[in-house]
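Remarks on the overall topology
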Amino acid sequence: AEEVDRPPGPCYAVWIARRKDLPALLTAWSEKATRDDMKSFLKGLGEIEVPEGWAVWAVSDTVGLNSGGFYMVAPRTPQAIIFMENSAEKINNVRHIAVNPEEFGIGVEAAIAEWFNSLRPKKVIISRPQELKVFGLEAMGAFFSKGL
């Protein structure tokens, strides 16, 4: 049934997250987490001051949306938040990835991976792949930590 709801085009929706919304959003996610490591990771991320020069992206899969791709206005609540530093001409440095514990699934993982791939020829490098173990995303962490 899920395939029926998925529009054509990219399997991700992405938009710029509002920094002022992050603490409340990440704290809410931490309260839904079933494991302590996930709970403390999300809570800690909600407390950081996002440095200048970092972009904070909201990502979701496209189920129930009209289309995938880049949105100027949030089409829904995010399923994942990605902290990205635009460090060099050809590199996007992913500093942190947080996923809503209630919405984690293959669709979200595929959405993040496809969006990263769409950024080519810029490389995406996940700078802390060990953090992704919290969400069971270590395969993606290993792939993108090499800067492919």
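Residues numbered from 1 in each chain as written. Predicted model: local features only at pLDDT ≥ 70, side-chain atom pairs only at ≥ 80, totals over all residues. Heavy atoms only, no water.

Comments concerning the nonpolar core
Core analysis: the biggest nonpolar cluster contains 43 residues, and I82, F83, I97, I112, W115 and F116 have the highest contact counts within it. Excluding its chain neighbours within four sequence positions, the residues that come into contact with W115 are Y12, V14, W57, V59, I82 and M84. (Core = buried A, V, L, I, M, F, W, Y, C linked by side-chain atoms within 4.5 Å. Buried < 20%, exposed > 50% of the residue type's maximum accessible area, 1.4 Å probe, protein only. Contact = heavy atoms within 4.5 Å.)

Brief notes about the layout of surface pockets
Taken as a whole, the largest pocket spans an internal volume of roughly 240 Å³. What lines the largest pocket is a set of 15 residues, among which W15, A17, R18, D21 and A74 lie closest to the centre. Going through the elements one at a time, β1 (12-16) and α2 (22-32) are the ones with two or more residues in the lining of the largest pocket. (1 Å grid on protein atoms, 1.4 Å probe; cavity = no way out; pocket = protein on both sides within 12 Å on 5 of 7 lines; lining within 4 Å. Points joined across faces, edges and corners; volume = space filled by probe spheres on them. Helix = DSSP H or I, 4+ residues; strand = E, 2+ residues; numbered from the N terminus.)

With respect to the pairing of strand β2 (residues 54-61)
Among the 8 residues of β2, 7 are classified as buried, and the element is accordingly described as predominantly covered. Here β1 runs beside β2; their pairing, made up of 5 bridges, is antiparallel. Within the sheet, the bridge partner assigned to A13 lies in β2 and is S60. (Pairing = 2+ DSSP bridges.)

Section: the packing of aromatic side chains
Counted according to the given criterion, the structure contains 4 aromatic pairs. Here the aromatic rings of F41 and F135 are separated by 5.8 Å at their centres, their planes lie at 70°, and the arrangement is edge-to-face. A residue pair is termed long-range when its members are at least 10 positions apart, and F41 in helix α3 (residues 36-46) and F135 in the loop between β6 (123-126) and α5 (138-145) qualify at 94 residues. Measuring from ring centre to ring centre gives 6.0 Å for W57 and F70, while their planes differ by 70°; the resulting arrangement is edge-to-face. (Phe/Tyr/Trp six-rings, centres within 6.5 Å; stacked < 30°, edge-to-face > 60°.)

Some words on the confidence of the model for the chain
Of the residues in the chain, 94% reach a pLDDT of 70 or more, and the chain-wide mean stands at 88. Mean pLDDT across the elements of the chain ranges from a minimum in helix α1 (residues 2-5), with 56, to a maximum in α2, with 97. (pLDDT = per-residue confidence, 0-100.)

Comments concerning α3
Among all positions in α3, only M38, F41, L42, L45 and G46 are buried. Angularly, the buried residues of α3 cover 130° about the axis, an arc narrow enough to put them on a single face. (Arc of directions from axis to C-beta.)

Some details on the pattern of salt bridges
Counted under the stated rule, the structure contains 7 salt bridges. Put simply, E47 and K43 hold a salt bridge, and the shortest N to O gap is 2.8 Å. Residue classification places K43 among the partly exposed positions, given a relative accessible area of 44%. Look at the salt bridges and you will find they share partners, linking R18, K20 and D21 into a network. (Salt bridge = Lys/Arg side-chain N within 4 Å of Asp/Glu carboxyl O.)

Description of the environment of F70
Here F70 lies in strand β3 (residues 69-70). Measuring from C-alpha to C-alpha, the distance between F70 and C11 comes to 11 Å, with 59 residues separating the pair along the chain. Each residue touching F70, except ones within four places of it in the same chain, is listed here: V14, W15 and W57.

Side note on helix α4 (residues 106-118)
For α4, spanning 13 residues, the distance from its first C-alpha to its last is 18 Å, which sits close to the expected 18 Å at 1.5 Å a residue. Where α4 is concerned, the buried positions are G107, V108, A111, I112, W115 and F116. Down the axis of α4, the sector holding all buried residues measures 165°, keeping them to one side. (Expected span 1.5 Å × (residues − 1).)

Section: the side chain of E131
With respect to the helices and strands, the residue E131 is situated in the loop between β6 and α5. Buried E131, no salt bridge; nearest opposite-charge side chain is R128, N-O distance 4.1 Å. Those residues within four positions of E131 in sequence are excluded, and the remaining contacts are F41, R95, H96 and I97. (Lys, Arg positive; Asp, Glu negative; His and termini not counted.)

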